[in-house]
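# Observations on chain architecture
Letter by letter, the chains look like this.
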Amino acid sequence: NEPVISTLPKGLKRFHLTTIESAKDYLIKNFHKKISLGDVAEHCCVSLFHFSRIFKSIMKITPYQYLTALRLQHASVLLETSSEPINQIALQCGFASLEHFDNAYRQRFGRTPSTLRKVHS
């Protein structure tokens with residue numbers, strides 16, 4: 001069960017837009033690395049709890065969901081445009097294992113990475 005996240009007042013949301021933009025920029029530049037929530041919060045100079053709360057309130061998804069979406073988007077491009085092995089693409093996109101990548105990809109796109117690769121080959 002995910003804890004109930006309180007919404008931020010509009011004035012506070014506006015104040016934290018730069019924090020969120022900084023977080024998004026950091027995630028975009030580092031999605032291929034092992035990133036913890038603490039790393040992003042530290043980059044944005046806010047506490048871990050505060051960062052999670054404001055990110056979800058403003059973006060309507062968790063930082064982890066955003067990071068996973070970035071990784072999957074990049075992986076899709078590589079699957080369609082390169083001949084690299086799927087396990088290499090998974091690692092290049094920041095997934096810890098092929099199994100994790102396969103599960104996340106199937107959940108997001110409704111098919112496996114290898115199915116997409118066959119369609120585009």
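Parameters at a glance
Residues numbered from 1 in each chain as written. Predicted model: local features only at pLDDT ≥ 70, side-chain atom pairs only at ≥ 80, totals over all residues. Heavy atoms only, no water. Helix = DSSP H or I, 4+ residues; strand = E, 2+ residues; numbered from the N terminus. Buried < 20%, exposed > 50% of the residue type's maximum accessible area, 1.4 Å probe, protein only. Contact = heavy atoms within 4.5 Å. Areas by Shrake-Rupley, 256 points an atom, 1.4 Å probe, with all protein chains shown as cover. pLDDT = per-residue confidence, 0-100. Core = buried A, V, L, I, M, F, W, Y, C linked by side-chain atoms within 4.5 Å. Salt bridge = Lys/Arg side-chain N within 4 Å of Asp/Glu carboxyl O. Axes fitted to C-alpha atoms, helices over the stretch in contact; angles between N-to-C directions. Parallel < 35°, antiparallel > 145°, perpendicular 65-115°, else oblique.

All right, on to the overall build of the protein chain then. Per the secondary structure count, the protein chain includes seven helices and zero strands. Of all 121 residues assigned to the protein chain, the portion counted as buried reaches 38%. When contacts within the protein chain are restricted to residue pairs at least 6 apart in sequence, those whose partners lie at least 24 apart make up 57%. For the protein chain, the computed accessible surface area is about 7500 Å², with 57% contributed by carbon and sulfur atoms.

In this section: the confidence of the model for the protein chain. Do not read the predicted coordinates in detail wherever pLDDT is low. Confidence along the protein chain averages 88 in pLDDT terms, with 86% of residues attaining 70 or more. For residues 1-6, every residue scores under 50 in pLDDT, and the model assigns this stretch six contacts once sequence neighbours within four places are set aside.

For the rest of this paragraph, the subject is the nonpolar core. Core analysis: the biggest nonpolar cluster contains 17 residues, and Ala23, Leu27, Ile35, Val40, Cys44, Phe51 and Phe55 have the highest contact counts within it. Those elements giving two or more residues to this core turn out to be helix H1 (10-30), helix H2 (37-43), helix H3 (48-59) and helix H4 (63-81). Each residue touching Phe51, except ones within four places of it in the same chain, is listed here: Ala23, Leu37, Val40, Ala41, Cys44, Val46 and Pro63. By size, the runner-up hydrophobic cluster in this structure holds 13 residues, among which are Ile86, Ile89, Phe95 and Leu116.

Oppositely charged side chains can pair when the atoms bearing their charge come close. Under the criterion given, the structure shown has three salt bridges. With its nearest N and O atoms 3.3 Å apart, the salt bridge here joins Lys24 to Glu21. Within this pair, Lys24 and its partner Glu21 are both found in helix H1, separated by three residues, close to a single helical turn. Given the relative accessible area of 19%, Lys24 is considered buried.

Orientation of H4 relative to helix H6 (residues 98-109), taken along the N-to-C sense of each, is 95°, at an axis distance of 10 Å. When the axes of H4 and H6 are compared, the pair comes out roughly perpendicular. Across from Tyr64, Thr68, Leu72, Ala75, Ser76 and Leu79 in H4, the residues of H6 making contact are His100, Phe101, Ala104, Tyr105, Arg108 and Phe109.

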